[in-house]
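Breakdown of the fold
The chain contents come next:
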Amino acid sequence: MKIRSSEITPKTTYLSRKEFMKGAAIAGGSAFLAACGVSPQNNGGNNSASGNENAVSFPVKKDEFGTETTPFESITNFNNFYEFNTDKEAVAKDARNFVSSPWQVEVGGLVNNPMILGMGDILKFEQEERIYRLRCVEGWSMVIPWNGFSLSKILNMVEPKSEAKYVRFETLYDPEQMPGQDSKWYEWPYVEGLRIDEAMNDLATIATGLYGEEFKPQSGAPVRLVVPWKYGFKSIKSIVKIELVTEMPTSLWMAAAPREYGFFANVNPDVDHPRWSQGSERRIGELSRIETLKFNGYEEQVAALYDGMDLEANY
Ligand SMILES: Nc1nc2c(c(=O)[nH]1)N[C@H]1C(S)=C(S)[C@@H](COP(=O)(O)O)O[C@H]1N2
Ligand SMILES: [Mo]
């Protein structure tokens, strides 16, 4: 295998998966690999780099509905991450030198046990494979095999006080590394929030990787939120702070365009965006549009959270 861009590319992005796994095995296995149960023996033989020497192929998987996962190359080359670029196809390149290690997540606010978690602590939680749909508010979607665990595990550990009603998340603020944060159109850092009962739902996921690999920067390295029943913008990347609060947090998108983006942002084909329909979506890799499902297909697991709530008024 030729390694052309080794001077400018971090090691794990140019090594083939096989070589990466070999290296990890020699090093005794990193916490990440051990925690998600991927061993050098069972990572599959389907790893030959093709024409592109940077290409790494992963066997496609299926979600609980039998839908195939979006290829790794698509998931990692079509991204929304405004801190780096508003052009989805330029994010991967612009984020490639992002330093996500060492990393800390401060968990505090209205809790009995505030703590600062290093990535070692976060990777100690059993890393499950969770294959979920991601539906961007812009009308495209993917199916992504995340590695991670329920956010509730962290919340239970810090013990929210009874006054805590919402969970507020914050992305790293570092304009030197994230030049998009110089843009005056948005209030940085990126902020998102969940009501506490939403945050405790098992589907609300703290993700540390995808397809069994640690995150590349463009996907929100080293740790992000994944909320599969809500529009993708709720799934905040590169988190440094999780805070329990009493007031509903104002997200970056609510502040930027309050008429277009609400706090709840549940996927809902019956409530159109002011500028486009939400009735259908383009699954990346497919040609025709498909129907968008209420709560992105997770109605059974989450609809009860919104009993009695007007889902048109509370978008
Ligand atoms: N910090 C941060 N998190 C973010 C974004 C962003 O611009 N900055 N974009 C959001 C949007 S709009 C979507 S659709 C998803 C995209 O995730 P992906 O690039 O991994 O597909 O990330 C969300 N999380
Ligand atoms: Mo999005």
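Criteria and thresholds
Residues numbered from 1 in each chain as written. Chains lettered and ligands numbered in written order. Predicted model: local features only at pLDDT ≥ 70, side-chain atom pairs only at ≥ 80, totals over all residues. Heavy atoms only, no water. Near = heavy atom within 4 Å. Polar contact = N/O pair within 3.5 Å; in protein donor to acceptor, adjacent residues only side chain to side chain. Areas by Shrake-Rupley, 256 points an atom, 1.4 Å probe, with all protein chains shown as cover. Nonpolar A, V, L, I, M, F, W, Y, C, P; charged D, E, K, R; others polar. Helix = DSSP H or I, 4+ residues; strand = E, 2+ residues; numbered from the N terminus. Buried < 20%, exposed > 50% of the residue type's maximum accessible area, 1.4 Å probe, protein only. Contact = heavy atoms within 4.5 Å. Pairing = 2+ DSSP bridges. Core = buried A, V, L, I, M, F, W, Y, C linked by side-chain atoms within 4.5 Å. Salt bridge = Lys/Arg side-chain N within 4 Å of Asp/Glu carboxyl O. Axes fitted to C-alpha atoms, helices over the stretch in contact; angles between N-to-C directions.

**Re the site of ligand 1**
What surrounds ligand 1 is a group of 15 residues, the closest being Tyr-82, Glu-83, Arg-224, Ser-235 and Lys-237. The contact in question runs from an oxygen atom of ligand 1 to an N or O atom on the side chain of Asn-79, over 3.0 Å. Interatomic distance of 2.7 Å between a side-chain N/O atom of Lys-237 and an oxygen atom of ligand 1. Considering ligand 1 on its own, with 530 Å² of exposed area, one finds that the protein chains cover 98% of that surface. A class-by-class count of the residues in the shell around ligand 1 yields seven nonpolar, five polar and three charged.

**As for the environment of Arg-133**
With respect to the helices and strands, the residue Arg-133 is situated in strand S3 (residues 128–135). Classification of Arg-133 by relative accessible area gives buried; the value is 11%. In the structure, Arg-133 is positioned 164 residues away from Gly-297 in sequence and 8.3 Å away in space, judged by C-alpha atoms. Apart from residues lying up to four places away in sequence, Arg-133 is in contact with Asp-63, Phe-65, Thr-67, Met-142, Val-143, Pro-228, Arg-283, Leu-293, Asn-296, Gly-297 and Tyr-298. A distance of 3.3 Å separates a polar atom in the side chain of Arg-133 from the backbone oxygen of Asn-296.

**What about the pairing of strand S6 (residues 191–195)?**
Taking burial as the measure, the five residues of S6 include five buried ones, the bulk of the element. Here S6 shows a buried face lined by Val-191, Gly-193 and Arg-195 and a second buried face lined by Glu-192 and Leu-194. Note: strand S5 (residues 166–171) against S6, five bridges, orientation antiparallel. Bridge pairing in S6 links Val-167 to Leu-194.

**Describing the nonpolar core**
Residues Leu-151, Phe-169, Leu-225 and Trp-229 are the most contacted members of the largest nonpolar core, which totals 79 residues. Apart from the residues lying within four places of it in its own chain, the contact partners of Phe-169 are Leu-151, Tyr-190, Val-191, Glu-192, Gly-193, Leu-194, Leu-225, Ile-236, Ile-239, Lys-241 and Ile-242.

**A closer look at the pattern of salt bridges**
The final tally for this structure, using the stated rule, is 15 salt bridges. Note that Glu-198 and Lys-230 form a salt bridge whose closest N and O atoms lie 2.7 Å from each other. Residue Glu-198 is found in helix H8 (residues 196–200), and its partner Lys-230 is found in the loop between strand S9 (224–226) and strand S10 (239–245); the two are separated by 32 residues along the sequence. Here Glu-198 and Lys-230 have matching classes, each one buried. Sharing partners across several salt bridges, the network here consists of Glu-128, Arg-130, Lys-153 and Asp-202.

**Quick notes on unusual backbone geometry**
Here the amide bond leading from Ser-101 into Pro-102 is cis, since omega sits at 0°, within 30 degrees of zero. Look at the link from Trp-188 to Pro-189: it is a cis peptide, with omega at -5°. Following the sequence through the fold, Pro-189 ends up in the loop between S5 and S6. A positive phi angle, close to 45°, is found at Ser-238, a residue other than glycine. As for its placement among the helices and strands, Ser-238 is situated in the loop between S9 and S10. Residue class for Ser-238 comes out buried when judged on its relative accessible area of 0%. Even without glycine at this site, Ala-265 takes up a positive phi of about 50°. Considering the arrangement of structural elements, one finds Ala-265 in the loop between helix H9 (252–256) and strand S11 (280–283).

**A few points about the sheet that holds S10**
The strand order S2-S1-S10-S5-S6 describes an open sheet built from five strands, whose pairing is mixed. Strands with a single pairing partner mark the edges of an open sheet, and in this sheet they are strand S2 (115–118) and S6. The mean inter-strand angle of the sheet, taken between neighbouring strand axes irrespective of direction, is 15°. Across the sheet, helix H7 (residues 151–158) touches strand S1 (104–109), S2, S5, S6 and S10, and the angle it forms with S2 is around 140°.

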